[in-house]
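# Geometric and topological summary
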Amino acid sequence: MSKDLAETGRLQVLLSQLGGALDGYLDFAHPDAFQSRDDWQAALNRPLPEKGEGIDSVVKELIDTLVANASAVPNPGFSGYITTGGVTASALATTAASISSPQRYMLTAFNYVEELSLLWLAQMLGIPTLKGVYSSGGSVANLVALGGARQQAFEAIGIDPASEGIDRPVRIYASDQCHHTIQRSAGVLGLGRRSVRAIPSDANGCIRVDALEQAIEEDRAQNLLPIAIVANAGTTNTGAIDPLRALGTIAQKNGIWFHIDGAYGLPGILDPRKAPLYDGLELADSVIVDPHKWLGASVGVAATFVKDRDILLRAFTQEPADYLEGSVETDESETYQHSLDDFGIPYYDYGVELSAPCRGVVVWSMIKEIGEEGFRQRIMRHNDMASSLARIAQQHPQLELLLEPTLSICCFRFVDDRVDDLNAFNQKLLRHLVRENNYMPTSTRIGDKLAIRPCYIGARHEPEQVQGLIDEVIRIGNRLL
Ligand SMILES: *Cc1c(COP(=O)(O)O)cnc(C)c1O
């Protein structure tokens with residue numbers, strides 16, 4: 001078959017077959033994949049195919065074996081970690097781009113919505129003057145932002161760290177609640193994981209401003225070059241939001257780059273009751289958000305926003321390459337006549353990926369589908385779920401609220417006088433709960449207490465699930481007593 005993929009007209013049939021199977025998956029009537037693990041492993045465990053079986057066989061096995069035994073993450077009962085299933089608009093946009101626009105560069109409509117969607121995101125999330133670039137996730141988004149911070153700090157002392165490397169010890173300041181991709185970014189950027197100084201947080205999980213100021217003063221006396229102050233706008237553990245204005249002011253006063261990690265929590269600003277917690281956001285030099293968390297994009301979509309994209313260009317440029325010579329229009333007097341005449345905005349030099357899928361179309365499609373108002377309602381619903389769970393836990397004699405929710409994460413546990421080791425008991429309770437496949441939160445620690453920790457970010461998370469989870473925790477808790 002010379003045309004590859006499939007013969008003309010077959011795609012519609014194949015996508016429709018797959019769509020039917022996916023609709024079936026989304027009923028969540030099937031048992032968990034692990035139940036039939038022996039069967040699907042046996043079905044898949046075949047030697048390297050010498051001859052191809054053809055696309056029909058691929059689609060059949062995709063449907064019968066893979067989709068039928070897939071992840072629990074999209075299940076509305078799953079509320080673990082900070083992850084959820086992608087919404088329909090995202091799946092359709094991803095599919096459309098994977099076939100019709102495999103790269104984000106060149107002067108196409110897909111390239112255009114890459115920038116347009118970044119603008120919409122920035123406007124929706126309270127950072128309208130910042131410019132963005134997409135990447136695969138919060139891990140890379142933090143790396144890109146801190147690459148900008150490194151560039152600024154070293155350029156200020158006459159060194160281009162991107163081309164020359166660094167010549168002295170540095171500091172990044174972040175609370176002990178920061179996501180560990182901050183440390184990894186410091187490692188990858190050649191600053192060293194230990195350059196991240198963990199500033200203690202208070203009982204609510206927010207950075208202690210007094211401790212930060214003291215740390216900066218101590219390090220200054222040691223001649224350590226400050227690179228960035230990192231604030232959390234929604235910690236991964238509990239959703240705590242650091243005092244952004246206080247941190248931004250300290251950063252400004254000391255001439256330090258101010259980075260805000262809003263991978264999970266930035267969309268919380270859409271809830272007018274929570275918006276005041278984001279006061280000071282405009283002081284940020286960089287902000288990240290993961291549309292693949294609270295906004296419902298399929299995994300693989302994050303954005304870094306910065307005041308000045310040129311700094312990213314200097315931090316991440318690949319420098320000229322021979323194979324690019326002459327392919328695109330460089331004579332300014334010529335006007336473009338073809339989509340291949342120019343690469344468009346050089347996203348590939350604002351970060352660490354050259355080949356990259358179109359992610360803007362995913363964000364564009366989700367915002368176009370439900371609008372800012374749709375997101376506001378969804379985010380308020382999730383915040384309400386966490387706070388109503390908190391109220392129930394406070395009132396129930398067999399439940400204990402461990403931390404007042406900031407956003408859509410609630411930390412609570414089962415308690416009873418007859419239990420000696422509440423941590424071990426709640427861990428066991430959680431394992432039993434998850435195995436029933438209806439409610440699947442994960443856990444965390446609040447101080448030395450193990451907490452059951454649902455995180456509501458999914459488009460399919462509905463208010464009834466709060467009472468449902470409570471009822472199951474009480475039922476299983478009493479059964480295990
Ligand atoms: C999830 C998360 C990250 C990492 O994002 P990935 O998309 O998983 O790479 C970074 N920071 C915070 C605050 C997060 O919640």
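Read on for an overview of the structure.

Calculation criteria
Residues numbered from 1 in each chain as written. Predicted model: local features only at pLDDT ≥ 70, side-chain atom pairs only at ≥ 80, totals over all residues. Heavy atoms only, no water. Helix = DSSP H or I, 4+ residues; strand = E, 2+ residues; numbered from the N terminus. Expected span 1.5 Å × (residues − 1). Buried < 20%, exposed > 50% of the residue type's maximum accessible area, 1.4 Å probe, protein only. Arc of directions from axis to C-beta. Contact = heavy atoms within 4.5 Å. Polar contact = N/O pair within 3.5 Å; in protein donor to acceptor, adjacent residues only side chain to side chain. Pairing = 2+ DSSP bridges. Near = heavy atom within 4 Å. Areas by Shrake-Rupley, 256 points an atom, 1.4 Å probe, with all protein chains shown as cover. Nonpolar A, V, L, I, M, F, W, Y, C, P; charged D, E, K, R; others polar. 1 Å grid on protein atoms, 1.4 Å probe; cavity = no way out; pocket = protein on both sides within 12 Å on 5 of 7 lines; lining within 4 Å. Points joined across faces, edges and corners; volume = space filled by probe spheres on them. Patch = residues over 30% accessible without salt bridge, like charges linked within 9 Å, V, L, I, M, F, W, Y side chains within 5 Å. Salt bridge = Lys/Arg side-chain N within 4 Å of Asp/Glu carboxyl O.

Moving on: helix α13 (residues 422-435). With 14 residues, α13 extends 20 Å between its outermost C-alpha atoms, agreeing within 8% with the 20 Å of an ideal straight helix rising 1.5 Å per residue. When we look at burial in α13, the residues that qualify are Leu-422, Asn-423, Phe-425, Asn-426, Leu-429, Leu-430 and Leu-433. In a view along the axis of α13, the buried residues occupy a sector of 160 degrees, so they form one face of it. In the core, the buried residues of α13 are packed alongside β9 (411-414), β10 (442-446), β11 (449-453) and α14 (464-480). Two or three places before Asn-423, at the opening of α13, Asp-421 has a side-chain oxygen 3.1 Å from that residue's backbone nitrogen.

Most of strand β7 (residues 302-306) sits inside the fold, with five of its five residues counted as buried. Of the two faces of β7, the one lined by Ala-302, Thr-304 and Val-306 and the one lined by Ala-303 and Phe-305 are each fully buried. In terms of strand pairing, strand β6 (residues 286-289) meets β7 through four bridges, oriented antiparallel. Counted as the bridge partner of Ser-286 is Val-306 from β7.

For the rest of this paragraph, the subject is the site of the ligand. Near the ligand, the surroundings consist of 15 residues, among which Gly-138, Ser-139, Asp-261, Asp-290 and Lys-293 are the closest. A distance of 2.7 Å is found between an oxygen atom of the ligand and a backbone nitrogen or oxygen belonging to Gly-138. Contacts to the ligand include Ser-139, whose side-chain N or O atom sits 2.6 Å from an oxygen atom. In the complex, 86% of the free accessible area of the ligand, which totals 380 Å², lies under the protein chains. Considered class by class, the residues forming the shell around the ligand number three nonpolar, nine polar and three charged.

Attention shifts here to the layout of surface pockets. The computed volume of the largest pocket comes to approximately 870 Å³. Leu-22, Leu-26, Gly-86, Val-87 and Ala-91 are the residues nearest the centre of the largest pocket, which is lined by 24 residues in total. Among the elements of the structure, α1 (10-25) and α4 (88-100) are those that each provide at least two residues to the lining of the largest pocket. Ranked by residues supplied to the lining of the largest pocket, first place goes to α1 with six residues. When the residues that make up the lining of the largest pocket are grouped by side-chain class, the tally is 14 nonpolar, eight polar and two charged.

All right, on to a nonpolar patch on the surface then. A cluster of nonpolar side chains, contributed by Leu-44, Ile-55, Val-58, Leu-62 and Leu-66, occupies part of the molecular surface with about 360 Å² of accessible area. Tracing the sequence through the fold places Leu-62 in helix α3 (residues 55-66).

Inspection of the entire model under this criterion finds 27 salt bridges. One salt bridge connects Asp-290 with Lys-293, and the closest N-O pair in it is separated by 3.4 Å. The exposure class of Asp-290 is buried, given its relative accessible area of 2%. For Arg-376, the salt bridge identified is with Glu-373, shortest N-O distance 2.8 Å. Separated by three residues within a single helix, Arg-376 and Glu-373 lie in helix α12 (residues 360-395), roughly one turn from each other. When salt bridges with common partners are traced through the structure, they connect Arg-171, Arg-197, Glu-218 and Asp-219 into a single cluster.

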